[in-house]
Amino acid sequence: MNNYDLHVHTTASDGLLSPAEVILHARHCGLRGIAITDHDTVSGLRSLARPGDELQLISGIEINTDYQNQEVHILGYFIDVENPELLQRLEKIKQARLERAVKIIDRLQELGLQLTLERIRQIAGAGPVGRPHIARAMIEQGYVDTYQAAFETYLGRGCPAYIPRYRLLPQEAISLIKKAGGITVLAHPGLVQDQTVIESVIRMGIDGLEVFYPEHTQADIEQFWHLARKSKLVVTGGSDFHGTEKTRNQLGRAGINDQQFAILLDIAGISRHPG
Ligand code: AMP
Ligand code: ZN
Ligand code: FE
Ligand code: FE
């Protein structure tokens, strides 16, 4: 049984449920633990009173980085969410996202779509502003019918309102997470197009691979399982849950079992108390 789902988004980034709602949902699903891993923020975790129940909550993050023009997402687990350097860096990323949103709104304006930064910030709530929030504002205003259409017509890579995001390098994200006492995992390696990028990230000193992931095929799972063993990396998994509407990424759809979680805890303990 996959009792631990270690890849979960909330309203602190682009998820639809608040951290408290996600925790309720996880209990309802019978999970033993989850990691909240919002994009480039720990604000959801900081806002949360520790759940005084049987559900294990792991403080996580998913930092979106760029390496050789490819998306590389780095997960961090068991991080100190009050670490000053981490918070400072995340604040900078948040600011850069806001500036980018303004540029996207300007492009959309040129294309005849009127959106306000104010509304987009409202949709984003406390978290960093991203294209998903802009897409939702576009739907709200009736400019597009679906979220997919917003990306395919305007916001996606190569589309007229596409603006690339300010990104860290994977090694910066790894070092930031480690300095905050966390362990680092390469998210959904099956979505990384180039095998050499995965090898580079392993050489950068990543601690684990997200082997179990809804979009991974059985062949992917076997390949990354063997790669993890060969490279002495910890194996993790998670659903990339963003809310109840996407069926493929339902909470608990992917994760790790009790035994794998125990190994992760063991490694986290070592990394938190080096030497
Ligand atoms: P951002 O961080 O603002 O660049 O937005 C990235 C998020 O937008 C991703 O996490 C996805 O949820 C969503 N996204 C990116 N590309 C697409 C796409 N082609 N179709 C639908 N959603 C997308
Ligand atoms: Zn997301
Ligand atoms: Fe990701
Ligand atoms: Fe994710």
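Residues numbered from 1 in each chain as written. Chains lettered and ligands numbered in written order. Predicted model: local features only at pLDDT ≥ 70, side-chain atom pairs only at ≥ 80, totals over all residues. Heavy atoms only, no water.

Describing the coordination of the iron ion (ligand 4)
Then step 1. The coordination sphere of the iron ion (ligand 4), as far as protein atoms go, consists of His7 (NE2), His9 (NE2), Glu62 (OE) and Asp240 (OD), spread over 2.1 to 2.2 Å.
Then step 2. Taken together, the 4 donor atoms coordinating the iron ion (ligand 4) and their angles of 79 to 165 degrees define a geometry best described as irregular.
Then step 3. Read from N- to C-terminus, the donor residues coordinating the iron ion (ligand 4) fall into the pattern H-x1-H-x52-E-x177-D. (Donors = N, O, S within 2.8 Å, 3.2 Å for Na, K, Ca; no water. Tetrahedral: all angles 85-135°; square planar, octahedral: opposite > 155°, others 65-115°.)

Details of the coordination of the zinc ion (ligand 2)
Then step 1. Distances from the zinc ion (ligand 2) to its protein donors, namely Asp14 (OD), Asp14 (OD), His39 (NE2) and His242 (NE2), fall within the range 1.9 to 2.6 Å.
Then step 2. Geometry at the zinc ion (ligand 2) is irregular, judged from its 4 donor atoms and the angles of 52 to 128 degrees they form at the metal.
Then step 3. Look at where the donors of the zinc ion (ligand 2) fall in the sequence and you get D-x24-H-x202-H.
Then step 4. The metal-metal distance between the zinc ion (ligand 2) and the iron ion (ligand 4) comes to 4.7 Å. With His39 in the loop between strand E2 (33–36) and helix H2 (43–46) and His242 in the loop between strand E7 (234–237) and helix H10 (258–272), this residue pair connects regions lying 203 residues apart in the sequence. The exposure classification of His39 matches that of His242, with both residues buried. (Helix = DSSP H or I, 4+ residues; strand = E, 2+ residues; numbered from the N terminus. Buried < 20%, exposed > 50% of the residue type's maximum accessible area, 1.4 Å probe, protein only.)

Side note on the confidence of the model for the chain
Then step 1. For the chain, mean pLDDT is 93; residues scoring 70 or higher make up 96% of the total.
Then step 2. A low-confidence stretch, residues 271–275 stays under pLDDT 50, and its non-local contacts, those more than four residues away or across chains, total 5 contacts. (pLDDT = per-residue confidence, 0-100. Contact = heavy atoms within 4.5 Å.)

Points about the site of ligand 1
Then step 1. For ligand 1, the full set of nearby residues is Asp14, His39, Arg97, Arg100, Gly130, Arg131, Pro132, Tyr147, Gln148, Phe151 and Arg165.
Then step 2. The side chain of Arg97 places a nitrogen or oxygen atom 2.8 Å from an oxygen atom of ligand 1.
Then step 3. Within the backbone of Arg131, an N or O atom sits 2.7 Å from an oxygen atom of ligand 1.
Then step 4. Contact with the protein chains removes 71% of the 500 Å² of surface that ligand 1 exposes when unbound.
Then step 5. For the shell around ligand 1, the secondary-structure elements that each account for two or more residues are helix H3 (84–110), helix H5 (131–140) and helix H6 (147–155). (Near = heavy atom within 4 Å. Polar contact = N/O pair within 3.5 Å; in protein donor to acceptor, adjacent residues only side chain to side chain. Areas by Shrake-Rupley, 256 points an atom, 1.4 Å probe, with all protein chains shown as cover.)

A look at the pairing of strand E5 (residues 183–186)
Then step 1. Residues Ile183 and Val185 point to one face of E5 and Thr184 and Leu186 to the other, with burial holding for every one of them.
Then step 2. Two elements, strand E4 (residues 70–77) and E5, share 4 bridges in a ladder whose sense is antiparallel. Each bridged residue has a counterpart across the sheet, and for Tyr77 the counterpart in E5 is Ile183.
Then step 3. Where E5 and strand E6 (residues 208–212) come together, 2 bridges link them in parallel fashion. Bridge pairing in E6 places Leu186 opposite Leu209. (Pairing = 2+ DSSP bridges.)

Considering the pairing of E4
Then step 1. The buried fraction of E4 amounts to 7 of the 8 residues, a majority that puts the element mostly inside the structure.
Then step 2. In this sheet, E4 lies alongside strand E3 (residues 56–67) in antiparallel orientation, the contact comprising 8 bridges. Within E4, the position partnered with Glu62 by the bridge is Leu75.
Then step 3. In sequence, E3 turns back onto E4 through a hairpin of 2 residues, with Gln68 there showing a positive phi of about 50 degrees.

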